[in-house]
Amino acid sequence: MNKTVERLKCGMITENPTFVQMLGMCPTMAVTTSAINGVGMGLTTTVILVLSNMMISMLRKVIPDKVRIPAYIVVIASFVTIVQFLLEGFVPSLYDSLGIYIPLIVVNCIILGRAESFASKNSIWLSMFDGIGMGLGFTIGLTSIGIFRELLGNGTIFNFRIMPESYEPLTILILAPGAFFVLAFLIAAQNKVRIHKAKKAGASVTVCEREEGCAGCTNTFCGGKAFTEESVKREKDAAKEA
Amino acid sequence: MDYTMKISSSPHIRDWASTTKLMGQVIVALMPATIFGIYNFGIKALVVVLISIISCVIFEAGFQKLIHKKVTVGDLSAVVTGLLLALNLPPDVPFWIPILGSFFAIIIVKQLFGGLGQNFMNPALGARCFLLISFTGRMTTFTYDAVTTATPLAQLKAGEGADVLSMFLGTTAGTIGETSAVALLIGGIFLIVRKVINYRIPVYYLGSFSIFLMIYSFAVGRSLDLTFLLAHLFGGGLMLGAFFMATDYVTSPITPKGKIIFGVLLGFLTFLFRTFGGSAEGVSYAIILSNLLVPLIERVTVPKSFGKGAEKHE
């Protein structure tokens with residue numbers, strides 16, 4: 001039982017597909033123009049993720065290793081088609097606003113990634129909860145991005161007007177660049193909390209301690225990520241050997 | 001005689017230049033255009049300029065204080081950003097537009113990427129495009145003498161003629177700083193003479209833009225029309241962009257060859273946007289797009305340290 005809870009927490013927080021793994025960026029950027037779209041896309045993906053994880057876990061001893069990716073795609077595509085028809089039939093407004101991104105769930109790297117890295121190696125029960133956790137994590141990511149974009153870009157949240165009528169919407173936030181701005185700010189805020197927490201817990205945080213930040217730093221191995229001296233040294237040694 | 005050698009550590013060649021002094025020169029060079037803009041559009045233009053500069057300085061100082069960095073507003077770069085941003089705004093914008101623009105320019109484009117020297121695109125232009133996309137109506141409504149009119153460039157695009165003389169002098173509708181070609185030319189030539197900027201980027205920019213425009217005119221069967229060409233050169237933000245925005249040290253190539261490539265690329269993109277684009281203006285998008293290509297341009301134009309390298313033997 002403990003493991004199932006851990007799967008849920010892992011998907012929603014510690015390995016959140018949007019904010020930590022940065023998977024499925026294409027639908028993340030494209031459909032989060034409003035909070036409701038974010039929820040719709042997230043839940044659609046969740047349903048498909050749970051079903052495909054279960055099916056692939058069931059078939060994990062049947063699928064030959066060499067053709068596993070095409071086999072996964074067939075499984076995922078079948079579920080996507082089913083869900084697509086259901087959406088078209090019962091929630092046509094959501095179907096219209098998500099548009100091309102519903103069939104594109106087939107190639108969503110979260111689903112393929114979970115199939116490859118989890119469902120193909122674990123039991124049906126665990127795979128199902130892994131799907132729920134990851135799917136809800138994705139939904140949380142999309143919804144929170146959607147909330148900020150809709151609030152600033154349209155003055156509403158879930159179509160309820162929050163900002164006063166005189167507020168002039170920052171249209172750029174519901175256009176493509178806005179998705180990048182909001183995602184970047186949300187990730188930055190979360191990293192701040194994570195690092196703070198880890199520091200408090202006394203973990204050796206691998207954060208660069210340069211006072212002036214990345215300005216003028218010549219460490220090309222880092223690329224803006226936090227680094228430790230050991231990791232740099234290891235990289236250098238590896239480069240020497242190569 | 002005393003032959004004692006003086007020993008000192010590098011650098012051995014010193015120059016008068018410092019960031020503060022260079023930025024001061026740019027501000028001086030922008031003064032003709034600024035003063036003309038205020039004369040042309042009245043006191044409201046002055047208000048926009050002041051709000052923009054003050055908010056840029058406050059945002060820079062405030063952010064640096066907040067993250068415990070050294071406060072470097074003394075280098076005047078925030079003042080230049082604020083001034084350039086104001087010159088890129090229509091005079092009738094409400095007071096919060098320059099403040100929002102300054103926030104975007106200083107915090108998002110400049111400080112979040114590491115401050116002066118680390119920004120990958122011109123902060124003032126980034127903010128202008130941010131505002132232009134967000135508030136298209138406000139940013140493209142120009143009034144002149146209390147009458148809402150189209151800019152000369154928009155009239156030109158609509159197929160109307162243009163009064164080149166008034167465009168050269170600047171008595172037309174437009175953003176605060178872009179209307180007067182002569183004031184911008186004075187400032188630009190001042191910068192080139194004082195060696196603050198190199199002549200290559202503006203000259204190749206304006207030159208290649210003219211050539212592309214003429215080739216296009218011939219291709220569509222228009223006779224050589226000097227008025228058309230001059231109106232395009234003096235109209236819109238081309239002069240402001242070529243002398244003050246494209247030559248920004250941080251976001252333009254440092255190699256001489258790179259500067260030429262950069263200038264020609266700017267000319268081509270501006271021609272493309274102005275001729276085939278939906279809006280009449282294309283300078284700001286051309287410049288920020290080219291800013292993104294600067295690292296690539298610099299990579300292919302790295303000069304050889306010594307000589308030309310040995311011939312290749314197969």
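The structure this text deals with has already been given above.
Attention in this report is confined to the structure presented alongside it.

What counts and what doesn't
- Residues numbered from 1 in each chain as written.
- Chains lettered and ligands numbered in written order.
- Predicted model: local features only at pLDDT ≥ 70, side-chain atom pairs only at ≥ 80, totals over all residues.
- Heavy atoms only, no water.
- Helix = DSSP H or I, 4+ residues; strand = E, 2+ residues; numbered from the N terminus.
- Areas by Shrake-Rupley, 256 points an atom, 1.4 Å probe, with all protein chains shown as cover.
- Lys, Arg positive; Asp, Glu negative; His and termini not counted.
- Charge placed at Lys NZ, Arg CZ, Asp CG, Glu CD.
- Salt bridge = Lys/Arg side-chain N within 4 Å of Asp/Glu carboxyl O.
- Buried < 20%, exposed > 50% of the residue type's maximum accessible area, 1.4 Å probe, protein only.
- Contact = heavy atoms within 4.5 Å.
- Buried area = accessible area lost by both parts, 1.4 Å probe.
- Nonpolar A, V, L, I, M, F, W, Y, C, P; charged D, E, K, R; others polar.
- Expected span 1.5 Å × (residues − 1).
- Arc of directions from axis to C-beta.
- 1 Å grid on protein atoms, 1.4 Å probe; cavity = no way out; pocket = protein on both sides within 12 Å on 5 of 7 lines; lining within 4 Å.
- Points joined across faces, edges and corners; volume = space filled by probe spheres on them.
- Polar contact = N/O pair within 3.5 Å; in protein donor to acceptor, adjacent residues only side chain to side chain.
- Axes fitted to C-alpha atoms, helices over the stretch in contact; angles between N-to-C directions.
- Left-handed = near helix turned anticlockwise from the far one by under 90°.
- Parallel < 35°, antiparallel > 145°, perpendicular 65-115°, else oblique.

Further remarks concern the overall build of chain B. On a plain count of helices and strands, chain B comes out with 14 helices and two strands. Taken over the C-alpha atoms alone, chain B extends approximately 75 × 55 × 40 Å along its principal axes. Of the roughly 15600 Å² of accessible surface on chain B, a fraction of 68% belongs to carbon and sulfur atoms. Each charge class in chain B was averaged separately, 22 positive and 15 negative side chains, and the resulting centres sit 8 Å apart.

Residues and elements named next belong to chain A. Under the definition given, this model contains ten salt bridges over all chains. Across the salt bridge formed by Asp130 and Arg114, the nearest N and O atoms sit 2.9 Å from each other. Of the two residues, Asp130 is situated in helix 7 (residues 124–154) and Arg114 in helix 6 (residues 109–119); the sequence distance between them amounts to 16 residues. Take Asp130: its relative accessible area is 0%, and that puts it in the buried class. Through salt bridges with shared partners, a single ionic network connects Glu6, Arg7, Arg114 and Asp130.

Okay, the environment of Lys3(A) next. Mapping Lys3(A) onto the fold places it in helix 1 (residues 2–14). In this structure the C-alpha to C-alpha distance between Lys3(A) and Pro177(A), which are 174 residues apart in sequence, comes to 39 Å.

On to the interface of chain A and chain B, then. Taken residue by residue, the interface counts ten residues in chain A and twelve residues in chain B. Here chain A meets chain B over a buried area of about 930 Å², counting both sides, of which 70% is carbon and sulfur. The largest share of the area that chain A buries against chain B comes from Glu168(A), Leu170(A) and Ile172(A), three residues that together contribute 47% of it. Summed over the shared surface of chain A and chain B, the number is one salt bridge. Notably, a salt bridge pairs Arg138(B) with Glu168(A), separated by 2.2 Å at the nearest N-O pair. Here the residues of the side of chain A that touches chain B sort into seven nonpolar, two polar and one charged.

All names here are of chain B. For helix 9 (residues 181–193), spanning 13 residues, the distance from its first C-alpha to its last is 18 Å, which sits close to the expected 18 Å at 1.5 Å a residue. Taken together, the buried positions of helix 9 are occupied by Ala181, Ala183, Leu184, Gly187, Gly188 and Leu191. With its buried residues spanning 165° around the axis, helix 9 presents them on a single face. Structurally, helix 9 contributes buried residues whose contacts are with helix 1 (19–41), helix 8 (164–169), helix 11 (226–234) and helix 12 (238–245). Positioned one or two residues after helix 9, Lys195 has a phi angle of 60°, which is positive.

It is a probe the size of a water molecule, rolled over the atoms, that shows where empty space is left. All names here are of chain B. What the second largest pocket holds in volume is close to 410 Å³. Taken together, 23 residues line the second largest pocket, and the ones lying closest to its centre are Met23, Val80, Asp248, Tyr249 and Val250. Of all the elements in the fold, those that place two or more residues in the lining of the second largest pocket are helix 1, helix 3 (77–87) and helix 5 (123–134). For the lining of the second largest pocket, a count of residues per class yields 14 nonpolar, seven polar and two charged.

Residues and elements named next belong to chain B. Within the secondary structure, Asn40 is located in helix 1. Among the polar contacts made by the side chain of Asn40, one reaches the side chain of Tyr144 at a distance of 2.9 Å. Those residues in contact with Asn40 that lie beyond four places of it in its chain are Tyr144, Gly170, Thr171, Thr172 and Thr179.

A separate point is the packing of helix 13 (residues 256–276) of chain B against helix 14 (residues 283–300) of chain B. All names here are of chain B. Their axes nearest at 9 Å, the elements helix 13 and helix 14 cross at an angle of 145°. Between helix 13 and helix 14 lies a crossing whose hand is right-handed. Within the contact between the two elements, helix 13 uses Gly258, Ile261, Phe262, Leu265, Leu266, Leu269, Thr270, Phe273 and Arg274 and helix 14 uses Val283, Tyr285, Ala286, Ile287, Leu289, Ser290, Asn291, Leu293, Val294 and Ile297. Its residues placed into classes, the contact of helix 13 with helix 14 shows 14 nonpolar, four polar and one charged.

All names here are of chain B. Between helix 3 and helix 4 (residues 96–110), the least distance of the axes is 10 Å, while the angle of their chain directions is 135°. As far as their axial angle goes, helix 4 and helix 3 are oblique. Handedness of the crossing formed by helix 3 with helix 4: right-handed. For the pair helix 3 and helix 4, contact is made by Ser77, Ala78, Thr81 and Leu85 and by Pro98, Gly101, Ser102, Ala105, Ile106 and Lys110, respectively. When its residues are assigned to classes, the contact of helix 3 with helix 4 shows five nonpolar, four polar and one charged.

None of the figures reported here should be taken as evidence of function without further support.
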